[in-house]
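Observations on chain architecture
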Amino acid sequence: MHVHLKKSVAHATPIVVLDRASFQALAPKMPKATRNWLATVGFVGAPDTYALLPGDDGKLKKVFAGVHSAQHPFALSALPQALPVGKYHLSDEGLSVPTEQAALSWELGSYLFDLYKPRKREAATLVLPPGLNTERGLALATAINATRDLVNTPAEHMGPEELAQAAELVAKHHGGKFKQIVGDALLKHNFPAIHAVGRAASRAPRLIELTWGKPGHPLLSLVGKGVCFDSGGLDIKGADGMRQMKKDMGGAANALGLATMIMTLKLPVRLQVLIPAVENAISGNAYRPGDVIKSRKGLHIEIGNTDAEGRVVLADALAYAAEHKPELIIDLATLTGAARVALGAQLPALFTRFMDTGRELVDLGLKQDDPLWHMPLWAPYQEGIASSIGDIVNTGRNALAGAINAALFLEHFVPQQQDWLHIDLFAWNDQARPGRPVGGEAQTLRTLLVYLEERFAN
Ligand SMILES: [Zn+2]
């Protein structure tokens, strides 16, 4: 942790947080030497900039930090790895950053994936007063950074078994229960689609299940796509397409991240987290294009392309989730390239049967600076995934509307009366921004948490 909870700010350097407007208001009241110094180094309160102010003894006396807005979840994220190593606190001068956002943005800005390559330097420390809001900020950041670690860890060290171990650790830490169905036991317990996709890998496929909560609380089901590496299978990907495929378990990582937030903040729900974890590999027993797989639900899936494996493993997991009749199912999956073509890296696609839920979540996402965008479950396109020899194909008839086709495919495994959100996300930053380095990312979790709190905590 790079945030320390303490009432005393002794020996900590003050940070004065300003935006352009508050800088202009404050500048005339500053000592002339300070004003001149800030003019010399060009500090005007621009977002994600800072200026160090030395004292007469040449030691650091004060920091000025520019923000887009003091309420922004990444307000202070540019600072922890840029300021000299040491202790800081937020000054009473300038804008007041709420403690939740201060803790969250500081921890997110301290993040670095350092499993193999050590940090060149420690991040700076922020001293914040203890309290519920500070703790909430830290809880969110901890879950987000853990999600990033899972995605960033290469497939060699994050196979189905290691993903299961990660889920087990999370379960243990929060007093939840963990179980898994591994390898050929998937057939015995009727998860044939998960088995078919994962059977060619030397590392056994599995269904991971984490449960938590008190009986009597409403059941919430989180389903995360856990394809630990996606070679594409026999429909093998090209080099460029395969390069980042360690992140194809990003849905599972995000589901565990959301579960961690829910359990840490003790939301009054019962949780069931389901992760179909497989490696989509190639060997003599790999599933093939043209195969027909009978799914858990009984629907026959024709394989149009072995690289559309995510929806196949999710089919069994969603069917199993629905058998428990939860209040709500949320699935998170790095499902289609088409969703990225439509919306890019920063905007996960949201699918829901209810237009008002879609609008509510889009608004909430904008408010939380953790956006997602509503796309349609356009029923007429069902015709494009119909199979002549089975019930449904895992690819569309043509190259159009790929993200919708995938969502419509999943819809077959979610009963009509079942409340369900499907989120097709990237789980990756392809471009560095303060607090968001290139690499694995948690997306929509803060938004979903607030949605769940509004729905279940009141
Ligand atoms: Zn694939």
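Residues numbered from 1 in each chain as written. Predicted model: local features only at pLDDT ≥ 70, side-chain atom pairs only at ≥ 80, totals over all residues.

Quick look at the overall build of the protein now. The secondary structure content of the protein amounts to 14 helices and 20 strands. Computed over its C-alpha atoms, the radius of gyration of the protein comes to 24 Å, within 12% of the 23 Å expected for a compact globule of 458 residues. Projected onto its principal axes, the C-alpha positions of the protein cover 80 × 50 × 40 Å. Burial status across the protein gives 49% buried among its 458 residues. Considering only residue pairs separated by 6 or more positions, the protein has 77% of its internal contacts joining residues 24 or more positions apart. (Helix = DSSP H or I, 4+ residues; strand = E, 2+ residues; numbered from the N terminus. Rg over C-alpha atoms; globule rule 2.2 N^0.38 Å. Buried ≥ 20, exposed ≤ 12 C-beta atoms within 10 Å, placed from the backbone. Contact = placed C-beta atoms within 7 Å.)

This paragraph deals with the sheet that holds strand S17 (residues 392-393). The 3 strands lie next to each other as S12-S13-S17, forming an open sheet whose pairing is mixed. Strands with a single pairing partner mark the edges of an open sheet, and in this sheet they are strand S12 (292-294) and S17. The pairing of strand S13 (residues 300-302) with S17 spans 2 bridges and is parallel. Residue pairing across strands places Ile-301 opposite Ile-392, the latter belonging to S17. (Pairing = 2+ DSSP bridges.)

Core analysis: the biggest nonpolar cluster contains 136 residues, and Leu-163, Ala-259 and Leu-318 have the highest contact counts within it. Per-domain counts for this core show at least three residues from each of domain 1 (3-130) and domain 2 (140-456). In contact with Ala-259, other than residues within four places in its own chain, are Val-170, Leu-210, Leu-222, Leu-271 and Val-273. (Core = buried A, V, L, I, M, F, W, Y, C linked by C-beta atoms within 7 Å. Domains from an automatic or database assignment.)

For Ala-349, the position within the fold is in strand S15 (residues 349-352). Taking the number of C-beta atoms within 10 Å as the measure of exposure, Ala-349 has 24 and is therefore buried. For the pair Ala-349 and Ala-339, spaced 10 residues apart in the sequence, the C-alpha separation amounts to 6.4 Å. Those residues within four positions of Ala-349 in sequence are excluded, and the remaining contacts are Ala-339, Ala-342, Leu-343, Trp-373, Met-375, Ala-403 and Asp-424.

The subject of this paragraph is the domain arrangement of the protein. Along its sequence, the protein is carved into domain 1 (3-130) and domain 2 (140-456). Taken over C-alpha atoms, the centre of domain 1 sits 38 Å from the centre of domain 2. Of the residues lining the interface, 16 residues belong to domain 1; the matching set on domain 2 comes to 14 residues.

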